[in-house]
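Secondary and tertiary structure notes
What follows is each chain in one-letter form.
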Amino acid sequence: MKKISILGVTGSIGTQTLDVLRYHKDKFELVGISAHKNVGLTLEIIKEFKPKVVAITYEDSYNKLKKILEKENIECELIFGIDGLNKVATLEEIEIVVTSVVGMIGLEPTLKAIEAKKHIALANKETLVVAGELVMRKAKENSVKILPVDSEHSAIFQCLQGNFHNKIDKILLTASGGPFRGKTLEDLKKVTVKDALKHPNWSMGRKITIDSSTLMNKGLEVIEAHFLFDCPYDDIEVIVHPESIVHSMVQYTDGAVMAQLGVPDMKLPIQYALNYPNREGNVERKLDFSTISKLNFEKPDMDVFKCLKLAYKAGKLGGLMPTIVNAANEVLVELFLEERISYLDIGNIIEEIMNIFEYKEEITLENVINKDKKVREYIYKKYNS
């Protein structure tokens, strides 16, 4: 039985990972989990899966859960904050860590897990965005597999199986286009939070749904793909595919294109990562090709969706620029969700931030954390009014 930990167990990826564990209940044991605020769901998960160690990163939720566990006499080790995340990620008996927390907070526990020689089922794209060079180097030094859980990167990973990486012509990274595909800049001036949270195909958390609408999510995935597959940015092409059936493709030097297709459901790439290199029983419905009338593909409009263009630029500049862009985006999405800035402000302010902060610094955990903090403080001070 494979023993695992899940960072971010109450989020979209975390709960879908639990569905996979339920389907393969004789294959996996959930030893450690982390959560942020959701006390009720965390308690349900503790009662069902009986993890040994639980980390909570929001203090009020930690205190509430602690009282409940004591009152109900439920035995598990409860730890608060980043120390808890790090312990859950490095438990001696586990083999693999599902990193599905959202944001920069996933970096340190992921690095700790790699140093403890735990394989990583990676759903926290920010880890590679802000410190891809460091993470991949550490993984190589410790003989750790980084198994992508994002549907697009899982698709690319699968298309590369049995092929030589030096024969890649380009990676074709698909994007649904989000709720505003085909819209103009003028249209986007009137976008509300409610509008931006209406994703046409995928059910995701609020932050990732906004990122998908701005195409920043795809920009971050470009940077992630660069590090995961050691592919130059000029050889990573984003293609809008509104049906979300082709999850991504790889074109080889002879012109052949390998594509991975499936229903738009994250349980499929989660299952593949947890069982790699084996393919197990189908955890979700299969594609019925008789019902698919057409598959559409088009180029993204990078003038309208500025965030995608800025992410490419950040990746090519390198250094700590991806850290700067990621930090700015996280804060600005939060401010947009709180209706403190407009939708188009997200891209415009990111561009402003890119021109302010120095980025040519060594990529170390300390430098990444410090730069991330400075960017957040600058934006909160200037725009959180």
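In this report, we go over the structure that sits alongside the text.

**Focus: the packing of helix α15 (residues 345-354) against helix α16 (residues 365-383)**
Look at α15 against α16: their axes get within 12 Å of each other, and the N-to-C directions meet at 125 degrees. When the interaxial angle is binned, α15 and α16 end up oblique. As for how α15 packs across α16, the hand of that crossing is right-handed. Packed against α15, whose contacting residues are I349, E352 and I353, the element α16 presents V375, Y378, I379, K382 and Y383 at the interface. Looking at the contact of α15 with α16 residue by residue, the classes come out as six nonpolar, no polar and two charged.

**A few points about the pattern of salt bridges**
Close approach of charged atoms allows side chains of opposite charge to pair. Counting across every chain of the model gives 27 salt bridges. K218 is the partner of E152 in a salt bridge, and the nearest nitrogen-oxygen pair spans 2.9 Å. In this pair, E152 is assigned in helix α7 (residues 151-160) and K218 in helix α11 (residues 216-228), connecting sequence segments 66 residues apart. In this structure E152 comes out as buried when scored by relative accessible area, which is 11%. The class of K218 is buried, set by a relative accessible area of 5%. Between R376 and E330 there is a salt bridge; the shortest N-O distance is 2.6 Å. Of this pair, R376 sits in helix α16 while E330 sits in helix α14 (residues 321-337), placing them 46 residues apart in sequence. For the pair R376 and E330, one class covers both residues: buried. Taken together, the shared-partner salt bridges in this structure form one network comprising K125, D150, E152, K218 and E221.

**Some remarks on α7**
For α7, the tally of buried residues reaches ten of ten residues, placing the bulk of the element in the interior. Within α7, burial applies to S151, E152, H153, S154, A155, I156, F157, Q158, C159 and L160. Looking at the packing, one finds that the buried side of α7 touches β7 (146-148), β8 (168-175), α11, β10 (246-252), β11 (257-261) and α12 (267-275). Looking one or two residues beyond α7, the residue adopting positive phi is G162, at roughly 80 degrees.

**Overview of the sheet that holds strand β1 (residues 2-7)**
Pairing is parallel across the open sheet formed by seven strands, whose spatial order is β4-β3-β2-β1-β5-β6-β7. For this open sheet the edge positions go to β4 (77-80) and β7, each flanked by a neighbour on one side alone. Between one strand axis and the next, the sheet turns by 20 degrees as a mean value, whatever way the strands run. Bridge analysis of β1 against strand β5 (residues 96-99) gives four bridges, and the strand direction is parallel. By the bridge assignment for β5, L7 is matched with T99.

Reading the values: rules and limits
Residues numbered from 1 in each chain as written. Predicted model: local features only at pLDDT ≥ 70, side-chain atom pairs only at ≥ 80, totals over all residues. Heavy atoms only, no water. Axes fitted to C-alpha atoms, helices over the stretch in contact; angles between N-to-C directions. Helix = DSSP H or I, 4+ residues; strand = E, 2+ residues; numbered from the N terminus. Parallel < 35°, antiparallel > 145°, perpendicular 65-115°, else oblique. Left-handed = near helix turned anticlockwise from the far one by under 90°. Contact = heavy atoms within 4.5 Å. Nonpolar A, V, L, I, M, F, W, Y, C, P; charged D, E, K, R; others polar. Salt bridge = Lys/Arg side-chain N within 4 Å of Asp/Glu carboxyl O. Buried < 20%, exposed > 50% of the residue type's maximum accessible area, 1.4 Å probe, protein only. Pairing = 2+ DSSP bridges.

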